[in-house]
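A look at the structure
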There are 2 protein chains.
Amino acid sequence: MATPASRNPSFVTATKRLASSLSSARGRDAVRLLPSYLADARSVVRYSPEHPQGALQLGVAESLLLEDWLVPALNRPVSIPANAIYYQPTQGRADFIDTMATYIEDLLQLQPLRLKRENLVLGAGCNAVLENLCFTLAEAGESVLLPTPYYAAFEFDLVARAGLRVEPVTTHAYHPTKQQNDAQIYFPNTAALNAAYERCLQQQSTPKILLLSHPHNPLGICYPPSVVQECIQWCRERQIHLISDEIYAGSVYGETFVSALQLADRHDQGLGPYVHWVYALSKDFALSGLRVGAAYTENEEIVLPLQKLNDLCCISSTTQLWTKMILEHEMEGGESWVHAFRRMNHSRLAQRSAQLTAVLDEFRIPYLTPTAGLFVWIDLSRYLPSDSHLTPSEQERKLYLELVHTYGLLLTPGLSMKNEQPGFFRCVFTAATEEEFALSLQRLRTFAKEKS
Amino acid sequence: MATPASRNPSFVTATKRLASSLSSARGRDAVRLLPSYLADARSVVRYSPEHPQGALQLGVAESLLLEDWLVPALNRPVSIPANAIYYQPTQGRADFIDTMATYIEDLLQLQPLRLKRENLVLGAGCNAVLENLCFTLAEAGESVLLPTPYYAAFEFDLVARAGLRVEPVTTHAYHPTKQQNDAQIYFPNTAALNAAYERCLQQQSTPKILLLSHPHNPLGICYPPSVVQECIQWCRERQIHLISDEIYAGSVYGETFVSALQLADRHDQGLGPYVHWVYALSKDFALSGLRVGAAYTENEEIVLPLQKLNDLCCISSTTQLWTKMILEHEMEGGESWVHAFRRMNHSRLAQRSAQLTAVLDEFRIPYLTPTAGLFVWIDLSRYLPSDSHLTPSEQERKLYLELVHTYGLLLTPGLSMKNEQPGFFRCVFTAATEEEFALSLQRLRTFAKEKS
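As the structure is a computational prediction, the values presented were derived from the model and not from experiment.

**Topic: the relation of the copies chain A and chain B**
Each copy of the chain is related to the other by a rotation around an axis and a translation along that axis. In screw terms, the move from chain A to chain B is a rotation of 180 degrees and a rise of 0.0 Å along the axis, fitting with an RMSD of 0.0 Å. What the superposition gives is, in effect, a two-fold axis relating one chain to the other. When C-alpha positions in chain A are compared against the rotation axis, the closest is assigned to Cys 313 of chain A, at 2.5 Å. The fraction of interface residues of chain A whose copies in chain B are also interface residues reaches 100%, indicating that both copies meet through the same surface.

What follows is the structure, given as structure tokens:
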């Protein structure tokens with residue numbers, strides 16, 4: 001287990017705090033929390049008709065597949081009433097909260113009216129509501145447990161202003177299988193969580209939150225219900241807060257999704273104070289530009305703090321009206337636009353995903369069978385350079401740069417997401433146009449051929 | 001000077017931090033930072049046709065005077081391009097930044113293209129960009145100097161998440177006049193700032209920021225250029241950051257406004273690293289529901305941190321497009337809609353203001369001659385109860401509750417804004433309809449008659 005991530009679980013290294021009257025160290029540190037591999041990517045010439053040799057974007061978790069549905073939907077007229085001019089309830093307009101709650105109940109297959117409207121807080125993006133949720137649950141310096149690999153920007157969202165500490169939860173050692181491409185090896189279980197818990201205590205930091213990405217980014221799968229159930233039970237016993245980030249809940253195209261809200265619901269007692277949920281429209285609707293996020297909790301101690309802190313990240317009233325209109329729209333014939341949209345989206349996701357995995361199969365490149373999200377988790381470790389003087393991190397970086405510069409493929413390197421082993425990459429299959437995606441597959445073939 | 005504010009400048013009292021696994025102390029503390037007099041107001045029955053005896057709203061700094069212009073403007077069609085769907089530059093869309101910069105240059109009478117576009121950051125409200133600006137300038141525990149009286153919600157914005165300490169800058173002792181209704185007595189000068197600076201050091205807190213509200217909330221006036229100039233000079237000498245909050249810059253109806261950006265500009269050297277500026281559309285356009293705030297700095301060390309932190313409070317892309325359309329709209333005949341709107345707004349503000357001060361004059365109630373903002377700063381200290389066993393704070397609260405319960409008038413009590421003397425109130429003259437405003441004046445007359 002002597003991999004970089006497990007050797008050094010506390011990755012937020014202390015940066016040298018230069019005394020300066022011009023700026024704060026915490027402001028400068030915030031910038032350093034952003035993934036450094038992005039800096040490599042910024043200078044790369046991108047593909048365009050003028051730069052046919054430019055790099056293709058397979059790294060950003062966005063979907064370009066939905067414009068034909070979204071642009072007309074966004075351009076439908078919305079009537080703006082006078083009351084939209086003024087200060088709104090910080091957590092969202094009452095009617096929009098109801099619309100969102102109804103949408104979420106449908107999405108997660110909860111009972112209608114299961115969600116308490118007064119416990120739903122709508123803010124400007126998943127990152128914004130997640131930060132506030134964590135702020136109300138944990139003090140600065142306390143730890144958030146994050147199973148690896150994980151969405152790299154969590155480090156920014158949790159550390160930059162909320163001052164939390166991230167404790168990666170490594171999982172490989174706690175499963176009998178050693179197959180890197182068996183999804184099970186990535187599942188957090190009681191033993192893995194206990195070990196992470198102990199590491200926090202050794203660092204004099206109180207473990208306070210377990211943050212699950214479910215469906216999982218970057219793995220492209222959902223956790224099986226038994227895994228989520230085990231996490232819920234562990235959290236309740238340890239009095240740790242479980243936050244289920246279900247931002248891809250509407251992008252599950254290859255299995256049936258079971259939300260943590262379903263699994264945690266004990267009917268008579270509800271979710272209880274230790275299970276929380278966040279979501280946004282940025283992935284399932286690709287509407288990242290609209291900044292519509294949601295947090296739900298039945299922990300009554302934090303509802304008022306959450307609502308008040310939300311004043312610092314409110315959603316524009318007109319965006320609330322607009323989103324309400326989109327979510328409630330009916331097609332000719334009366335079908336819900338959202339249902340038709342989701343069906344179409346699932347079919348397009350499945351198609352792109354299948355195109356990508358067909359190429360991987362062709363070259364026997366291992367991957368986790370994708371069922372959710374906009375990406376596939378690919379094992380390119382066999383292509384790592386064998387230079388024995390390189391660290392695993394340097395090996396992966398070399399392969400990453402080779403993919404970018406020699407093959408024009410921009411993927412997300414696994415170690416940037418604290419994966420336990422080098423050589424794994426997240427490949428987003430939705431951020432390219434049809435033409436670009438076809439070219440990506442062609443380049444991937446070239447890579448595999450030349451490297452084998 | 002033995003007034004509550006000066007006796008106890010460090011108003012953020014330590015709250016008892018109960019150990020709880022259910023929520024964080026900092027989340028619970030955030031709620032306590034909200035002004036407590038609002039809790040009194042919440043339970044009060046408000047005026048409505050069904051409750052003609054209900055209390056009239058003269059406390060919230062909103063303007064209802066502009067709906068006839070704003071509702072049609074908000075309902076003009078906006079074309080949403082496909083690129084609005086996706087993640088935007090965190091600081092705002094390039095074309096919207098340019099529109100806002102042009103608008104600000106016009107508003108503040110700066111040279112066209114004076115503002116560096118890359119130094120302007122647009123976020124979801126003045127509170128959101130102010131918090132981030134302070135975060136990039138000062139560490140947790142460092143102090144923000146705030147001349148008294150001040151907008152009470154600054155305490156929430158600066159303390160709740162950014163963890164700053166607020167040091168009220170009392171001013172009365174540092175002026176020869178002792179006339180409470182001579183505006184001069186409220187002006188921060190070098191002696192007042194030096195004293196506040198020393199108080200911070202005594203509290204082991206580094207003074208780092210001076211935050212000016214200019215035009216001033218709650219005083220309803222602009223600081224004279226010489227006062228702002230003295231503050232700028234003091235800040236530069238002390239290496240303290242001056243932030244000029246000019247959210248009412250477009251609501252100056254009784255004098256000529258001179259922005260800190262004009263006064264601080266040293267042409268060849270620009271603003272330098274110690275002068276910063278915040279603004280929003282919430283007051284001058286009454287568009288508080290749209291959450292459009294702006295921060296400007298020429299301190300290059302904080303530009304990137306500000307842009308990155310802004311990811312946690314981005315403005316919806318559609319709101320950016322909408323606002324751009326409104327700011328660039330031309331009337332029939334080619335006049336700028338913004339210019340016509342501002343002229344109309346100034347005339348309505350002047351009219352309401354004159355109606356209110358006429359009643360005050362009638363009863364010889366002292367006030368600061370208002371020239372800016374949505375309110376008048378009124379001296380009702382002669383009506384304070386004379387019970388000698390009451391503290392000044394209890395006296396003011398008694399008068400406040402009498403105004404609410406006996407006379408149906410909801411004003412903002414001065415001590416909630418850390419005024420140095422009890423008995424002063426901010427009276428907002430724009431948050432009532434025509435009918436309600438007429439009734440407010442009538443009730444104010446009744447109050448003055450019965451109390452004299």
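**Brief notes about the interface of chain A and chain B**
If you look at the interface, chain A gives 78 residues, while chain B gives 78 residues. For the pair chain A and chain B, the two sides together bury roughly 6,600 Å², of which 57% comes from carbon and sulfur. Sorting the residues of chain A by area buried against chain B places Arg 26, Arg 161 and Leu 312 of chain A first, and these three jointly supply 14% of that buried surface. Counting every contact that joins chain A to chain B gives two salt bridges. Linking Arg 161 of chain A and Glu 131 of chain B is a salt bridge whose minimum nitrogen-to-oxygen distance equals 3.5 Å.

**Considerations on helix 14 (residues 392–405) of chain A**
End to end, helix 14 of chain A covers 20 Å across 14 residues, agreeing with the expected 20 Å (1.5 Å per residue, within 8%). Among all positions of helix 14 of chain A, only Gln 395, Glu 396, Leu 399, Tyr 400, Leu 403 and Val 404 of chain A are buried.

**A word on the UniProt feature "domain: Aminotransferase class I/classII large" (unreviewed entry) in chain A**
Under the present numbering, the feature "domain: Aminotransferase class I/classII large" (unreviewed entry) in UniProt falls on residues 87–436 of chain A. End-to-end, the C-alpha atoms of residues 87–436 of chain A are 44 Å apart, and along that stretch the chain is 37% helix and 15% strand.

**Quick notes on the environment of Ala 432 of chain B**
Residue and element names in this part refer to chain B. Relative to the elements of secondary structure, Ala 432 occurs in the loop between strand 12 (424–428) and helix 15 (434–451). Take Ala 432: its relative accessible area is 3%, and that puts it in the buried class. Placed 377 residues apart in sequence, Ala 432 and Ala 55 show a C-alpha to C-alpha distance of 11 Å. When residues no more than four places from it in sequence are discounted, the contact partners of Ala 432 are Gln 57, Leu 64, Arg 352 and Phe 437.

**Some points on the sheet that holds strand 12 of chain B**
Residue and element names in this part refer to chain B. Within the open sheet, the three strands sit side by side as 9-12-11. Their pairing is antiparallel. The sheet is open, and its two borders are formed by strand 9 (375–379) and strand 11 (412–413), each paired with just one other strand. The pairing of strand 9 with strand 12 spans five bridges and is antiparallel. Directly across from Asp 379, in strand 12, lies its bridge partner Phe 424.

**With respect to the nonpolar core**
If you look at the biggest cluster of nonpolar residues, it comprises 161 residues, and the most contacted ones within it are Phe 285 of chain A together with Phe 285 of chain B. Contacts of Phe 285 of chain A, omitting those with residues within four sequence positions, involve Leu 66, Leu 70, Tyr 103, Tyr 279, Leu 327, Trp 337, Val 338 and Phe 341 of chain A.

**With respect to the sheet that holds strand 7 (residues 275–280) of chain B**
Residues and elements named next belong to chain B. Sheet architecture is open: seven strands sit in the order 2-8-7-6-5-3-4, paired in mixed fashion. Of all strands in the sheet, those bounded by a partner on one side alone are strand 2 (120–123) and strand 4 (165–169). This sheet shows a mean twist of 25 degrees between the axes of neighbouring strands, independent of strand direction. For strand 2 and strand 8 (residues 293–297), the ladder comprises four bridges, and the chain directions are antiparallel. Considered in strand 8, the bridge of Leu 120 is made with Tyr 296. Of the strands in this sheet, strand 3 (143–147), strand 5 (207–213), strand 6 (241–245) and strand 7 are in contact with helix 9 (residues 225–238), which crosses strand 6 at around 150 degrees. Contacting strand 2, strand 7 and strand 8, helix 11 (residues 300–309) crosses the sheet at an angle of about 160 degrees to strand 8.

What counts, and where the lines are drawn
Residues numbered from 1 in each chain as written. Chains lettered and ligands numbered in written order. Predicted model: local features only at pLDDT ≥ 70, side-chain atom pairs only at ≥ 80, totals over all residues. Heavy atoms only, no water. Least-squares fit on C-alpha atoms with pLDDT ≥ 70 in both. Contact = heavy atoms within 4.5 Å. Buried area = accessible area lost by both parts, 1.4 Å probe. Salt bridge = Lys/Arg side-chain N within 4 Å of Asp/Glu carboxyl O. Helix = DSSP H or I, 4+ residues; strand = E, 2+ residues; numbered from the N terminus. Expected span 1.5 Å × (residues − 1). Buried < 20%, exposed > 50% of the residue type's maximum accessible area, 1.4 Å probe, protein only. UniProt positions renumbered as here; feature names shortened; annotations may be inferred. Pairing = 2+ DSSP bridges. Core = buried A, V, L, I, M, F, W, Y, C linked by side-chain atoms within 4.5 Å. Axes fitted to C-alpha atoms, helices over the stretch in contact; angles between N-to-C directions.

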